[in-house]
Amino acid sequence: MNAPIKTTDLMPQTVEFKLNDQTVQAYEGETLLKAAQRHGVDIPHLCYKDGLRADGNCRACVVEIKGERTLAPSCCRTATAGLEVLVSDRAVKSQKMVLEMLLSDMPDTGYKWNDEGQHGELSDWASRMNVAVRPELQALRREQPACDVSHPAMAVNLDACIQCNRCVRACREEQVNDVIGYANRGAHSQIVFDLDDGMGSSTCVACGECVQACPTGALMPKTQIGSQVVDKKVDSVCPFCGVGCLLTYNVKDNKIVSVDGRDGPANHNRLCVKGRFGFDYIHNPQRLTMPLIRKAGVPKDPELIGQLNRDAADWSAVFREATWEEALALAGGKLKALRDTHGKKTLAGFGSAKGSNEEAYLFQKLVRTGFGSNNVDHCTRLCHASSVAALLEGVGSGAVSNQVNDVEHAGLIFVIGSNPTTNHPVAATWMKNAAKRGAKIVLADPRVTDIGKHAWRTLQFKPDTDVAMLNALIHTVIEEGLVDEDFIRRRANNYEALKENVKGYSPEAMAPICGISAETLREVARDRKSVV
């Protein structure tokens, strides 16, 4: 309904400028670096990374602009009409000097090996530019900082740090965790965590965004320090929460060694601690790879089973390995006997929300067709039954209507009954990004969760009084004439019944019930535009 009439409406405006004496086009607002890349001109860059704000501090990407005395960082400079840009001998000489100086400070043995060297992107660009470090520069190498391996998942080796600030921007501007900072001055400048704490004792939430951003291996997952060569890369979807983050598994010797975020509509390369580091269970020695059947004569002892689960003890005293055919025949036979002896209603199925749609379909088919029972459910009913019912009635669909990063278009974000920073951390990053850009977050919750640090107003209502609070907000919107009448007329039903119902729920009447002052309730209701 709101789609553009013509495909040309989707195309950004372009400007013409000269690149190495050739007339080329750039999109309006596009940087010289990106425009040059599109036209086949590779310019070295280290502090720039797609998805992060351009900072221009490494100066490896400088180019010459006709009529200007100094070289300009192409990652920060926007292409404008009539500009004449040269990747001249002077610019290349400066680029090589920057690469050589950075490389001269690197340790002899790096942490992110590739085909071109031991220092990741820095070695790659040095190889492509034919840069070799002179012994005189190498002799001036700084005193090497000590490594920090206090974190369970990541290693910090600041001797490989080029202070490009990519990790700082990833932590503070993308994930908005505000853990990594930049301390001291001059030659003593360094990356720090909180107040120069060890990474393991800092407030780091282990999202790993800094690891993915680091170009040289100064920040690395402990499982992939050294060679970055893997046997294969497998694109997948994160199996944990329902945000739907795309990721890539790096597999070596048939084991996952690390995970990279992949560009997708929900995450745009971002991941949380679960998606990036929550894969070790796959190779856990306790994981069952063969069916087990209880040995004859061994009684069911909950304490013994609990000990097996906790301590990975030898299960051979309780169970024996079996073939899939034997295990399926035993389980199916027992279920069939219960059905035939006690009736179809004896059996029920309780599925997992982590299963795929196909698995969920097959499971309910087993219960309904095989068991002959409609007693089938899954674990998310506990928290989602009410929301699904409300969405079906109010929106017409039990699923969400938008991807979560659409909050960037909102002026106000109302968060109720949700703890996104814990349960859906990547979704929370988009909310925090929106707040930094000026959107107002209203947190309505009996407890102040972590997103409350970014909230404009916190409505800490008394438990079980959320309906009273919401009715007070609706009352204010209607009473003060803040309703979008056109929207209501076109897209809503039973509005008059709602209007009549909330007449007795003024903020003044509801304040003693929900524990939020009438003034605060009215203030939030008045600022309701662009709510998500």
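Residues numbered from 1 in each chain as written. Predicted model: local features only at pLDDT ≥ 70, side-chain atom pairs only at ≥ 80, totals over all residues. Heavy atoms only, no water.

Participant: An account of the overall build of the protein is needed here, citing residue identities and associated values.
Facilitator: From N to C terminus, the protein includes 18 helices and 21 strands. Taking the principal axes of its C-alpha atoms as reference, the protein extends roughly 85 × 70 × 50 Å. Counting over 532 residues, the protein shows a buried share of 39%. For the protein, the exposed area adds up to about 30,300 Å²; of that, 53% sits on carbon and sulfur atoms. Measuring between centres, the 63 positive side-chain charges of the protein sit 3 Å from its 65 negative side-chain charges. (Helix = DSSP H or I, 4+ residues; strand = E, 2+ residues; numbered from the N terminus. Buried < 20%, exposed > 50% of the residue type's maximum accessible area, 1.4 Å probe, protein only. Areas by Shrake-Rupley, 256 points an atom, 1.4 Å probe, with all protein chains shown as cover. Lys, Arg positive; Asp, Glu negative; His and termini not counted. Charge placed at Lys NZ, Arg CZ, Asp CG, Glu CD.)

Participant: I'd like a rundown of the pattern of salt bridges, residues and numbers included.
Facilitator: The full count for this structure, using the stated rule, is 30 salt bridges. Put simply, E174 and R270 hold a salt bridge, and the shortest N to O gap is 2.8 Å. Within this pair, whereas E174 is found in helix 5 (residues 166-174), its partner R270 is found in the loop between strand 14 (255-261) and helix 7 (273-277), the two being separated by 96 residues in sequence. Accessibility expressed as a relative area gives 4% for R270, which makes it buried. One salt-bridge network, held together by shared partners, links E479, E480, E508, R522 and R526. (Salt bridge = Lys/Arg side-chain N within 4 Å of Asp/Glu carboxyl O.)

Participant: Give me the sheet that holds strand 3 (residues 62-65): which residues, what numbers.
Facilitator: Strand order in the open sheet formed by five strands is 2-1-5-3-4, with mixed pairing between adjacent strands. Where the open sheet ends on each side, the last strands, each with one partner, are strand 2 (22-27) and strand 4 (72-73). Across two bridges, strand 3 lies against strand 4 in antiparallel orientation. Paired with V63 across the strands is A72, a residue of strand 4. Contacts between helix 2 (residues 89-104) and the sheet are confined to strand 3 and strand 5 (84-86), with strand 3 contributing the most and set at about 160 degrees to the helix. (Pairing = 2+ DSSP bridges. Contact = heavy atoms within 4.5 Å. Axes fitted to C-alpha atoms, helices over the stretch in contact; angles between N-to-C directions.)

Participant: Any details on the side chain of S94? Residues and values, ideally.
Facilitator: Along the chain, the position of S94 falls in helix 2. We classify S94 as buried; its relative accessible area is 18%. Setting aside anything within four residues of it in sequence, one finds S94 in contact with V62 and L71.

Participant: For the packing of helix 14 (residues 466-479) against helix 18 (residues 518-526), give the residues involved together with the corresponding values.
Facilitator: The geometry of helix 14 relative to helix 18 is characterised by a closest axis approach of 9 Å and an angle of 60 degrees between their N-to-C directions. For the element pair helix 14 / helix 18, the angle class is oblique. Two packed elements cross with a definite hand, and for helix 14 against helix 18 that hand is right-handed. From helix 14, M469, A472, L473, T476, V477 and E479 reach across to helix 18, where they touch L521, R522, V524 and A525. Tallied by class, the residues present in the contact of helix 14 with helix 18 amount to seven nonpolar, one polar and two charged. (Parallel < 35°, antiparallel > 145°, perpendicular 65-115°, else oblique. Left-handed = near helix turned anticlockwise from the far one by under 90°. Nonpolar A, V, L, I, M, F, W, Y, C, P; charged D, E, K, R; others polar.)

Participant: Describe helix 3 (residues 120-128), naming the residues involved and giving the relevant values.
Facilitator: Every buried residue of helix 3 is listed here: G120, L122, S123, W125 and A126. Its buried side turned inward, helix 3 meets helix 2 and strand 6 (112-113). At the C-terminal side of helix 3, N130 shows a positive phi close to 55 degrees.

Participant: Please provide a residue-by-residue account of helix 2, values included.
Facilitator: Taking 1.5 Å as the rise per residue, helix 2 with 16 residues should run 22 Å; its terminal C-alpha atoms sit 22 Å apart, in good agreement. Residues A91, S94, Q95, V98, L99, E100, L102, L103 and S104 constitute the buried set of helix 2. (Expected span 1.5 Å × (residues − 1).)

Participant: How would you summarise the sheet that holds strand 13 (residues 246-252) if you had to cite specific residues and measurements?
Facilitator: Taken in spatial order, the three strands make up an open sheet running 12-13-14, and their pairing is antiparallel. Bordering the open sheet on either side are strand 12 (232-237) and strand 14, each of which pairs with just one other strand. Strand-to-strand twist of the sheet, defined as the mean angle between neighbouring strand axes without regard to direction, takes the value 30 degrees. Looking at chain direction, strand 12 and strand 13 are connected through six bridges and run antiparallel. Looking at strand 13, one finds that K233 is bridged to N250.

Participant: An account of the packing of helix 17 (residues 507-514) against helix 18 is requested, with residue identities and associated values reported.
Facilitator: Closest axis-to-axis distance for the helix 17/helix 18 pair is 8 Å, and the angle between their directions is 115 degrees. Every pair of crossing elements has a handedness; the one defined by helix 17 and helix 18 is right-handed. Contacts from P507, E508, A511 and C514 of helix 17 reach helix 18 at A518, L521 and R522. Considered class by class, the residues forming the contact of helix 17 with helix 18 number five nonpolar, no polar and two charged.

These values are about where atoms sit, not about what they do.
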